[in-house]
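The residues making up each chain are set out below.
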Amino acid sequence: MDSAFFITGFVTLFVIMDPIGLAPIFIALTHGMPRAKRRAIGLRACLIAGTLLSLFALGGEAVLGFVGISMPAFRIAGGILLFLTALDMLFQRRTKRREDQAEQAEEDDHTDDPSVFPLAMPLISGPGAIATVILLSGQIPGWAGLVSTLTIMSLVLIITLVLFYSAELLETALGKTGITVVTRLLGMLLAALSVQFVLDGLKDFGFVG
């Protein structure tokens, strides 16, 4: 596995999923539940999100080819989408939107188990994460790209699950201000990575040397 690809892919997907930012939302969604139930919900959410992302990593490029979209074009579009996500992180709009989704789930009488909505989808495996796994699996042709992408995805999901299990400790240690600072730093990093995706797409088209 190419170490540069692994590091870049891991950082990109980690920033997009934002496990640190998800931890306080997980606490809010599972407030008052027994520890065993909270852990079961966290595990179920990560497994469902992993299944969804694996499906897109497996068949995403084929779907793009079927509708006539090239990988360079998707890299540019994906880079723009990730850049917009980075702006949301920098200006705290993403956190507010996630909190609104969590409140909607709490107000829904039929939502006793938030593992599917909103945790698995759209908080963990949202549009940004889906675009990222398709981009990563298309960067290296064949099974090598798929295996590398699934490995990166699994590692990020494991970290997410660990942070879910220790969410209360994390929130106490960082505090609201600490989580805000980390989110904005990750937003800056994601902005740079998204520009790189756009440049790679333009390079494939021959616009950038």
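Here we summarise the structure given alongside this text. Because the structure is a prediction, the values reported are computed rather than measured.

1. So, the nonpolar core
Next up, step 1: Judged by nonpolar contacts, the single largest core of 51 residues is most densely connected at Leu 13, Met 17, Leu 53, Leu 119, Ile 124, Phe 164 and Leu 190.
Next up, step 2: Mapped by element, the contributors of at least two residues to this core are helix H1 (3-17), helix H2 (19-29), helix H3 (35-66), helix H4 (71-90), helix H6 (115-124), helix H7 (127-139), helix H8 (142-165) and helix H9 (167-205).
Next up, step 3: Beyond its immediate chain neighbours, meaning those up to four positions away, Leu 119 contacts Phe 26, Leu 29, Ile 41, Ala 45, Pro 114, Ile 124 and Phe 164.

2. A few points about the packing of aromatic side chains
Next up, step 1: In this structure the tally under the stated criterion is three aromatic pairs.
Next up, step 2: For the pair Phe 26 and Phe 164, a centre-to-centre distance of 4.4 Å together with 5° between the ring planes defines the contact as stacked. With Phe 26 in helix H2 and Phe 164 in helix H8, the pair connects residues that are 138 residues apart, well separated along the chain.
Next up, step 3: The exposure class assigned to Phe 26 is buried, which follows from its relative accessible area of 2%.
Next up, step 4: Residue classification places Phe 164 among the buried residues on the basis of a relative accessible area of 2%.

3. Some words on the packing of H2 against H6
Next up, step 1: One can describe the packing of H2 onto H6 by two numbers: an axis separation of 11 Å at closest approach and a directional angle of 160°. In terms of their interaxial angle, H2 and H6 are classed as roughly antiparallel. Two packed elements cross with a definite hand, and for H2 against H6 that hand is right-handed. Contacts from Leu 22, Ile 25, Phe 26 and Leu 29 in H2 reach Pro 118, Leu 119, Leu 123 and Ile 124 in H6.
Next up, step 2: Looking at the contact of H2 with H6 residue by residue, the classes come out as eight nonpolar, no polar and no charged.

Here is what the cut-offs are and how they apply
Residues numbered from 1 in each chain as written. Predicted model: local features only at pLDDT ≥ 70, side-chain atom pairs only at ≥ 80, totals over all residues. Heavy atoms only, no water. Core = buried A, V, L, I, M, F, W, Y, C linked by side-chain atoms within 4.5 Å. Buried < 20%, exposed > 50% of the residue type's maximum accessible area, 1.4 Å probe, protein only. Helix = DSSP H or I, 4+ residues; strand = E, 2+ residues; numbered from the N terminus. Contact = heavy atoms within 4.5 Å. Phe/Tyr/Trp six-rings, centres within 6.5 Å; stacked < 30°, edge-to-face > 60°. Axes fitted to C-alpha atoms, helices over the stretch in contact; angles between N-to-C directions. Parallel < 35°, antiparallel > 145°, perpendicular 65-115°, else oblique. Left-handed = near helix turned anticlockwise from the far one by under 90°. Nonpolar A, V, L, I, M, F, W, Y, C, P; charged D, E, K, R; others polar.

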